There are 2 protein chains.
Amino acid sequence: MATIDDVAKAAGVSTSTVSYVLSGKRPISGPTRARVERAIRDLGYRPHAGARALASSRTNVIALVAPLRVAVNVNVIMEFVTGVVQAARTHNYDVLLLTQDDATGIDRVSSGSMVDAIIAMDIEEDDPRIPLLAQARQPAVLIGLPRDSSGLSCVDLDFFGAGTATVRHLAQLGHTSLAMLGAPEAVWKRHTSFWDRTLSGATYEANARDISLHAIACEASEVGARTAVATILSTHPDTTGLIVHNEAALPHVVAALRDRGLSIPDDMSIVAICPQHLATSQPQPLSSVTIPATAIGKVAVDMAIQRLNDPEQPAETRLLAAELTQRATTAAPHSAPVAP
Amino acid sequence: MATIDDVAKAAGVSTSTVSYVLSGKRPISGPTRARVERAIRDLGYRPHAGARALASSRTNVIALVAPLRVAVNVNVIMEFVTGVVQAARTHNYDVLLLTQDDATGIDRVSSGSMVDAIIAMDIEEDDPRIPLLAQARQPAVLIGLPRDSSGLSCVDLDFFGAGTATVRHLAQLGHTSLAMLGAPEAVWKRHTSFWDRTLSGATYEANARDISLHAIACEASEVGARTAVATILSTHPDTTGLIVHNEAALPHVVAALRDRGLSIPDDMSIVAICPQHLATSQPQPLSSVTIPATAIGKVAVDMAIQRLNDPEQPAETRLLAAELTQRATTAAPHSAPVAP
DNA sequence: TTGAAAGCGCTAACAT
DNA sequence: ATGTTAGCGCTTTCAA
């Protein structure tokens, strides 16, 4: 492999000149630049990443800590990862992938100076990774909203806003009896932040509008979805609007309602909180609040890079606004036409 | 951050001794080792990855080129990735994630010495990445089977064997009229290797047993699945066994058959080729050939590491045997009981 | 069994 | 606008 000295020799300049041509950190005359670039191309020169990292203390690599279990929401996870990787590339960064359960991973890549920044997804209220990230020398960005972010930057969808938006939408259509089909039992218990916030938002808005709202857990399976639907219909038969925040159960919920002879949206309106492709790929496109996973991944990277380039930059939390798109599954309830 | 020299000073030894304690590449006396290890712990010392890479030409990082689009088979992709990351960790390697469409990625990480080996997944018959990988200085392993692997190591499920296994299973149950519901049109066109091989295997076995088999494409959507089922039932109404090699369509195929009043497996046997969790998470667990994604990822890493440690090691292709597990969706056809 | 020292390939002062 | 050079922190030969 050609080194920077080979290039310098071939171009008849000093090594530093080659370095500066590459980094653009000082002005280079036209002819010199041309000769250097020529030599670089001729030799197929590529800077050695390790040497660069050693001399500059910059790796141009970001660590991404992702939940690589076979999860219910693989699609969302995938979208986050994609967003992060693509955004990183636009800043000329690559991504080192760590799994959630690689307990020593954060410390390893941080202390070993393998990366310049760390992004952690799927953050829970009291996430054990937070202290590790807080003491890392590299800036860290959390995707999700913990109870205490202790000076770390955070980015997430405004799930509270997503909750209020779904209730508001249905309320404005004239619904007064709503049900919410949420995360599995285990997620309620874990107090995974996003679910707590959606529920709070929806409850808050329902209270404010004096509308009834009953939320229940739902396992991520066909059986779980059918059970949840059955429970709702039997305990609250007057329900006319259903909010579903559970990607895996979503299609089965729709199927279960149809099987019971309920027509959507005539007998039951449905609004989902899910990735857009899931909402639009259904036979009947779902009214939904989109989880902008790609965008969130991108913002996470942008925040990390910003803090890298300006260490004075304080940590901040950014919540992306929830936007509800009405599609085919919501309408005024039969029993109560839209208020004027 | 503490350096190796800090540790050496604290332990009262030379830097090389510290290095050798860490690498184990030469014998160290008990007391010396103890003092060094003590110093390492006290100082919280971690070798600098870049410095190490520069001095040793080893990064302890593997590149993984993955299709991070919102694909139909995200679950499988995720499983591959998980398998690779976990296996890499057992060898003390980390994983750098590149996306399929990052055209310059392979060259960047290879020429820049960012990684020690490269694993590429979702390989097609004439994959444009193959020449890039073949000329890389690092060993490369392909997950998938290209037409010409030009000296690269490959690993994959034996899809030909998967095809024969599904037909054999149904034949042994007494079926004589089979249909195969495969990949979307686009995949047939692209000649994605796995699909071609499954089809060949199934066709081969059907011919050998003088059984009829009709394969058709199927789009990865509910509509696509229903259309495909309708086509099969109308053009080949005598079909009693269905082979489904299309994760996304799978649940909809089952639903479509049920909607038409066909009972499974009484009126129609179904055997799938899909990841295990998909087969077992259905309300009626599917007889299936499992795609052992995690295992394949692991094998890919093992092969890469092996070639790293022994450059003489020649490239090889490893096909993991297809194993069919009978679950609830296959039985003898009504019309023709099991042969004795 | 241990130490001294020469690089590995680059960046970024410091010179000119 | 360009050149010289001292490190960056580690591995590994060569010596003892």
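Parameters and conventions
- Residues numbered from 1 in each chain as written.
- Chains lettered and ligands numbered in written order.
- Predicted model: local features only at pLDDT ≥ 70, side-chain atom pairs only at ≥ 80, totals over all residues.
- Heavy atoms only, no water.
- Near = heavy atom within 4 Å.
- Polar contact = N/O pair within 3.5 Å; in protein donor to acceptor, adjacent residues only side chain to side chain.
- Helix = DSSP H or I, 4+ residues; strand = E, 2+ residues; numbered from the N terminus.
- Nonpolar A, V, L, I, M, F, W, Y, C, P; charged D, E, K, R; others polar.
- Least-squares fit on C-alpha atoms with pLDDT ≥ 70 in both.
- Contact = heavy atoms within 4.5 Å.
- Salt bridge = Lys/Arg side-chain N within 4 Å of Asp/Glu carboxyl O.
- Buried < 20%, exposed > 50% of the residue type's maximum accessible area, 1.4 Å probe, protein only.
- Domains from an automatic or database assignment.
- Lys, Arg positive; Asp, Glu negative; His and termini not counted.
- Phe/Tyr/Trp six-rings, centres within 6.5 Å; stacked < 30°, edge-to-face > 60°.
- 1 Å grid on protein atoms, 1.4 Å probe; cavity = no way out; pocket = protein on both sides within 12 Å on 5 of 7 lines; lining within 4 Å.
- Points joined across faces, edges and corners; volume = space filled by probe spheres on them.
- Arc of directions from axis to C-beta.

Regarding the protein's contact with DNA strand D
Part 1 of the reasoning: Around DNA strand D sit 29 residues, and of these Pro27 and Thr32 of chain A together with Ile4, Tyr20 and Tyr45 of chain B come closest.
Part 2 of the reasoning: Sugar and phosphate atoms constitute 53% of the interface atoms of DNA strand D, taking the interface as everything within 4 Å of the protein.
Part 3 of the reasoning: A distance of 2.7 Å separates a phosphate oxygen of DNA strand D from a polar side-chain atom of threonine 17 of chain A.
Part 4 of the reasoning: Alanine 51 of chain B places a main-chain nitrogen or oxygen 3.4 Å from a base nitrogen of DNA strand D.
Part 5 of the reasoning: Taken together, the elements giving at least two residues each to the surface near DNA strand D come down to helix H2 (15-23) and helix H4 (49-56) of chain A together with helix H2 (15-23) and helix H4 (49-56) of chain B.
Part 6 of the reasoning: It is H4 of chain B that provides the largest number of residues to the surface near DNA strand D, a total of five residues.
Part 7 of the reasoning: Across the surface near DNA strand D, the residue classes break down as 12 nonpolar, 12 polar and five charged.

Structural notes on the relation of the copies chain A and chain B
Part 1 of the reasoning: At an RMSD of 0.2 Å, chain A and chain B line up after a rotation of 180° and a shift of 0.0 Å along the axis. Such a combination of turn and shift is consistent with a two-fold rotation axis.
Part 2 of the reasoning: Taken together, the interface assignments show that 100% of the residues at the interface of chain A recur at the interface of chain B, consistent with an identical surface on both copies.

Concerning the pattern of salt bridges
All names here are of chain B.
Part 1 of the reasoning: Scanning the entire structure with this criterion turns up 34 salt bridges over all chains.
Part 2 of the reasoning: One salt bridge in this structure joins lysine 189 and glutamate 185, with 3.8 Å as the shortest N-O distance. Taken together, the positions of lysine 189 and glutamate 185, both in helix H9 (residues 185-190) and four residues apart, correspond to about one turn of that helix.
Part 3 of the reasoning: Residue lysine 189 is classed as exposed on the basis of its relative accessible area of 60%.
Part 4 of the reasoning: Judged by relative accessible area, glutamate 185 falls into the partly exposed class, the value being 41%.

Considering the domain arrangement of chain A
Part 1 of the reasoning: Here the domain parsing of chain A yields domain 1 (4-56), domain 2 (61-157 + 293-320) and domain 3 (159-291).
Part 2 of the reasoning: The C-alpha-based centres of domain 1 of chain A and domain 2 of chain A are spaced at 33 Å.

What about the side chain of aspartate 116 of chain B?
Residue and element names in this part refer to chain B.
Part 1 of the reasoning: In this fold, aspartate 116 is placed in the loop between helix H6 (105-111) and strand E3 (117-120).
Part 2 of the reasoning: Although buried, aspartate 116 forms no salt bridge, and the nearest oppositely charged side chain, arginine 58, lies 4.7 Å from it.
Part 3 of the reasoning: Engagement of the side chain of aspartate 116 in a polar contact is seen with the side chain of tyrosine 93, the distance being 3.2 Å.

Quick look at the packing of aromatic side chains
Part 1 of the reasoning: A complete count under the given rule lists six aromatic pairs over all chains for this structure.
Part 2 of the reasoning: Seen from their ring centres, phenylalanine 160 of chain A and tyrosine 204 of chain A are 5.7 Å apart, and the 50° between their planes marks the pair as tilted. Here tyrosine 204 of chain A lies in helix H10 (residues 193-208) and phenylalanine 160 of chain A lies in helix H8 (residues 159-172), a separation of 44 residues in the sequence.
Part 3 of the reasoning: Owing to a relative accessible area of 33%, phenylalanine 160 of chain A belongs among the partly exposed residues under this scheme.
Part 4 of the reasoning: Centroid distance phenylalanine 159 of chain B to phenylalanine 194 of chain B: 5.5 Å. Interplanar angle 45°. Geometry classified as tilted. With phenylalanine 159 of chain B in helix H8 (residues 159-173) and phenylalanine 194 of chain B in helix H10 (residues 193-209), this residue pair connects regions lying 35 residues apart in the sequence.
Part 5 of the reasoning: For phenylalanine 159 of chain B, a relative accessible area of 5% translates into the label buried.
Part 6 of the reasoning: Given the relative accessible area of 25%, phenylalanine 194 of chain B is considered partly exposed.

Some thoughts on the environment of arginine 33 of chain A
All names here are of chain A.
Part 1 of the reasoning: Residue placement: arginine 33 occurs in helix H3 (residues 30-43).
Part 2 of the reasoning: We classify arginine 33 as partly exposed; its relative accessible area is 28%.
Part 3 of the reasoning: Through-space distance from the C-alpha of arginine 33 to that of phenylalanine 160 is 54 Å; in sequence the pair is 127 residues apart.
Part 4 of the reasoning: Once residues lying within four places of it in the same chain are set aside, the contact partners of arginine 33 are Val21 and Ile28.

What about the layout of surface pockets?
Part 1 of the reasoning: Looking at the second largest pocket, its volume works out to about 1,400 Å³.
Part 2 of the reasoning: The wall of the second largest pocket is formed by 41 residues, among which Pro47, His48, Ala49, Arg52 and Ala53 of chain A lie closest to the centre.
Part 3 of the reasoning: At the level of secondary structure, the elements contributing two or more residues to the lining of the second largest pocket comprise H2 and H4 of chain A together with H4 and H6 of chain B.
Part 4 of the reasoning: Class assignment of the residues belonging to the lining of the second largest pocket gives a composition of 17 nonpolar, 15 polar and nine charged.

Quick notes on helix H12 (residues 250-259) of chain A
Residue and element names in this part refer to chain A.
Part 1 of the reasoning: Along H12, the residues classified as buried are Leu250, Val253, Val254, Ala256 and Leu257. Relative to the axis of H12, the buried residues are bounded by an arc of 160° and lie together on one face.
Part 2 of the reasoning: Here the buried face of H12 lies against strand E6 (177-181), helix H11 (222-235), strand E8 (241-244), strand E9 (269-274) and helix H13 (276-281).
Part 3 of the reasoning: Glycine 261, located one to two residues past H12, shows a positive phi value of around 80°.

A closer look at the protein's contact with DNA strand C
Part 1 of the reasoning: Around DNA strand C, the structure places 28 residues, and the nearest of them are Ile4 and Tyr45 of chain A together with Thr17, Ser29 and Thr32 of chain B.
Part 2 of the reasoning: Take the atoms of DNA strand C that sit within 4 Å of the protein: sugar and phosphate atoms are 57% of them.
Part 3 of the reasoning: Tyrosine 20 of chain A is positioned such that a nitrogen or oxygen atom in its side chain is 3.3 Å from a base nitrogen of DNA strand C.
Part 4 of the reasoning: Here a base oxygen of DNA strand C and a backbone polar atom of alanine 55 of chain B are 3.5 Å apart.
Part 5 of the reasoning: Of all elements in the fold, only H2 and H4 of chain A together with H2 and H4 of chain B reach the threshold of two or more residues within the surface near DNA strand C.
Part 6 of the reasoning: With four residues, H4 of chain A is the largest single contributor of residues to the surface near DNA strand C.

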